[in-house]
Every structure is written in C-alpha cells, then in structure tokens.
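# Remarks on the overall topology
Letter by letter, the chains look like this.
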Amino acid sequence: MISGRALHFVFKVADRTLTAKFYREILGMKVLRHEEFKEGCDAACNGPYDNRWSKTMVGYGPEDTHFVVELTYNYGVTSYEKGNDFLGLTIRSKEAIERAKAQGWPVKEDSGLHVLEAPGGYKFFLINEPQPTNKDPVEKVALASSNLQRSIDYWNGILGLKIFNQSDKKVLLGFSDEQTKLELQDIGTAVDHAKAYGRIAFACPYDQQPLIDEKIKAANHKILTPLISLDTPGKATVRVIILADPDDHEICFVDDEGFRKLSAFDPEGETLLNRYIAKDKSREQ
C-alpha cells in the first residue's frame, strides 16, 4: 500500500512577470520559495531543456499542508504550445473572483463556476464561496483521459489512489479525504501534451519508492526517470521516480522525508523572485 501525499502541479511559464502577477495579485497565493538553476534537471523537472531555469513555488500555505503550484521558467523560451492534457485547477475563493474583476482580469462563467486563464492559457475554476482558513482552498486538479477505465486501472489499481466519486466520464481520486484530489475526465480522443505539458507530484515514504518501481515494472508501464537523487544547492537532497500514466501524464513521487526539508518556507523567496524578474533580459533578445 502506497501512503501518498498530494504536493503540487508543475506548469511551464513563458512570461514570468505576468505569471507572478496572476498568482500573487489575482489568485492571492504567496511565494513559498524560489530557486535558480544553471542547467537542466536530471529528472527533466523543467522539461527537455538543458539551460538556465528557475522554479517558484506558490500557494495558500506551507507545502506540508497545502497543494501548491510549481512555476518552471526556462530562460529564453518565449512560448509553449498548449495541448488538451491539462483541463483545470479548481479553487474555492470568492476573494480571487473579486480581485480578478477589480483588476480587469477576464472572467467567464461555466456551469456555475468562474473561469480564469493564467498566462499560457491554463484554466482555473473558481467556486464563488469564501476562501476557507481551516483547509486548503485548492479542491482538485483535472487532467484529460482518452480511456477512463484504463486510467482508473492505473491510478486506483496500481498506484492505490482511492475513488471518491465516479461517473461515466469522470472519476475523482486521492490518497485521503483531506487532500487535494485528482479528477480524470474522459475527453473521447487522444491526449495531446504538446510542449506545455506539466507534471503532478506526490510524496511517499522513502522506503515505499522501490515498491512503486516494482509495481510499475510488473504492470509493464512507463518509468521516465528511474529512482534518482536530486540536489538543490544549499538545500536538502531528495530522491524521485518519474512515471507516465497510460495517457503519458507525468507523475513524480518524491521521498517525503527529504521533501519536507527541501520544501521548508523561505522568507526570502518573494525577494529572490522579484530580484531575478528585474534582472532577466532574456525575453528582450
């Protein structure tokens, strides 16, 4: 049995300045930490790019207790082609809706939800209710599936996520009730990840990572990056394994013990992000 903890979703962002404005001033998230890297990640954290890049974690509270967003920025990349793989992230926040309207950020309505688009075209569905203070406002992440039963067999049958709700076209999954959920929606066609594809991350105990490796190999599914240790300069080392589900959605399982050290809140994170945004001239080239 895998004891997973939902951590974050990774977005590639091309306009770091406008993206930072959206997450901070519209959604109301805080910068939790910011890290700069001189070369590509051994686990392709920033995609298939071997260049200077940065990682910014933003969210409504500490990574120990909240599902957050990882913004990866590759210096010099000015756009990413978006596919149909990421369907949206749902947040309970009346306040974010009000901020969007007050600042003139486009807001649409769909099935009783308010829809905002982050730079890059990523959709956010906002529930028009006060943002909770005793739980994470982030409700779920929705990804596309080309065959719902096949997706359920993988996520529930192999990885062990529980089914919380299911219909003909959707299934809601998670490791526990209090965590942000993963919703898979059958789109009736092939899933196209294009160039903007993201990655969903979970933590699990260090000694359970080999079990994941064994289960995936036994079921003959994809392992994109076998168990590997990743260093962050001046911070903790973590071990990860990167998988791909039947629709090639990337999944990271990081060891919980190391990640809790790595993900400690950095009070200098906001200052660092602002500093590097101000110094960045790569989009002017």
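For the structure itself, look to the data block above.
Figured I'd write up the structure that's included with this text. For clarity, every value in this text was computed on a predicted model and none was experimentally measured.

On the secondary structure map, Q208 appears in the loop between strand 13 (199-204) and helix 4 (209-218). When its relative accessible area of 13% is taken as the criterion, Q208 is described as buried. Each residue touching Q208, except ones within four places of it in the same chain, is listed here: M1, I2 and S3.

For the structure on display, the rule yields 1 disulfide. With no disulfide of its own, C204 lies closest to C252 among cysteine sulfurs, the gap being 9.3 Å. Exposure remark for C204: the relative accessible area of 0% places this residue in the buried category. With no disulfide of its own, C252 has C45 as its nearest cysteine by sulfur position, at a separation of 6.9 Å. With relative accessibility at 10%, the residue C252 sits in the buried group.

Attention now goes to helix 4. Those residues of helix 4 that sit buried are Q209, I212, D213 and I216. The buried residues of helix 4 all sit within an arc of 100 degrees when viewed along its axis, so they share a single face. For helix 4, exposure combined with an orientation more than 90 degrees from the buried face picks out E214 and A218. Elements in contact with the buried residues of helix 4: helix 3 (148-158), strand 13, strand 14 (222-231), strand 15 (237-244) and strand 16 (250-255). Residue N220 follows helix 4 closely and has a positive phi angle near 60 degrees.

Here we come to empty space enclosed by the protein. Using a probe with the size of a water molecule, rolled over the atoms, empty space left in the structure can be pinpointed. For the structure shown, the criterion picks out 5 cavities of 30 Å³ or more. Looking at the largest cavity, the residues that line it are F9, D85, F86, L143, H193, Y197, G198, R199, I200, D248, H249 and E250. Roughly 50 Å³ of internal volume is contained in the second largest cavity. Taken together, V10, K12, A44, C45, N46, G47, T72, Y197, G198, R199 and E250 make up the full set of residues lining the second largest cavity. Split by residue class, the lining of the second largest cavity holds 4 nonpolar, 4 polar and 3 charged.

As a further point, take unusual backbone geometry. In this model, S111 sits at a positive phi of 55 degrees, which is unusual for a non-glycine residue. Topologically, S111 is positioned in the loop between strand 6 (108-110) and strand 7 (113-117). Positive phi, close to 60 degrees, is recorded for N220, a residue that is not glycine. Here N220 is to be found in the loop between helix 4 and strand 14. Judged by its relative accessible area of 69%, N220 falls in the exposed class.

On to the environment of E25. Looking at the secondary structure, you find E25 in helix 1 (residues 16-26). A residue is classified by how much of its surface remains accessible, and E25, at 36% relative accessible area, is partly exposed. Along the chain, E25 and A96 lie 71 residues apart, while their C-alpha atoms are 8.6 Å from each other. Residues within four places of E25 in sequence aside, it is in contact with A20, R99 and Q103.

Definitions and cut-offs
Residues numbered from 1 in each chain as written. Predicted model: local features only at pLDDT ≥ 70, side-chain atom pairs only at ≥ 80, totals over all residues. Heavy atoms only, no water. Helix = DSSP H or I, 4+ residues; strand = E, 2+ residues; numbered from the N terminus. Buried < 20%, exposed > 50% of the residue type's maximum accessible area, 1.4 Å probe, protein only. Contact = heavy atoms within 4.5 Å. Disulfide = S-S within 2.5 Å. Arc of directions from axis to C-beta. 1 Å grid on protein atoms, 1.4 Å probe; cavity = no way out; pocket = protein on both sides within 12 Å on 5 of 7 lines; lining within 4 Å. Points joined across faces, edges and corners; volume = space filled by probe spheres on them. Nonpolar A, V, L, I, M, F, W, Y, C, P; charged D, E, K, R; others polar.

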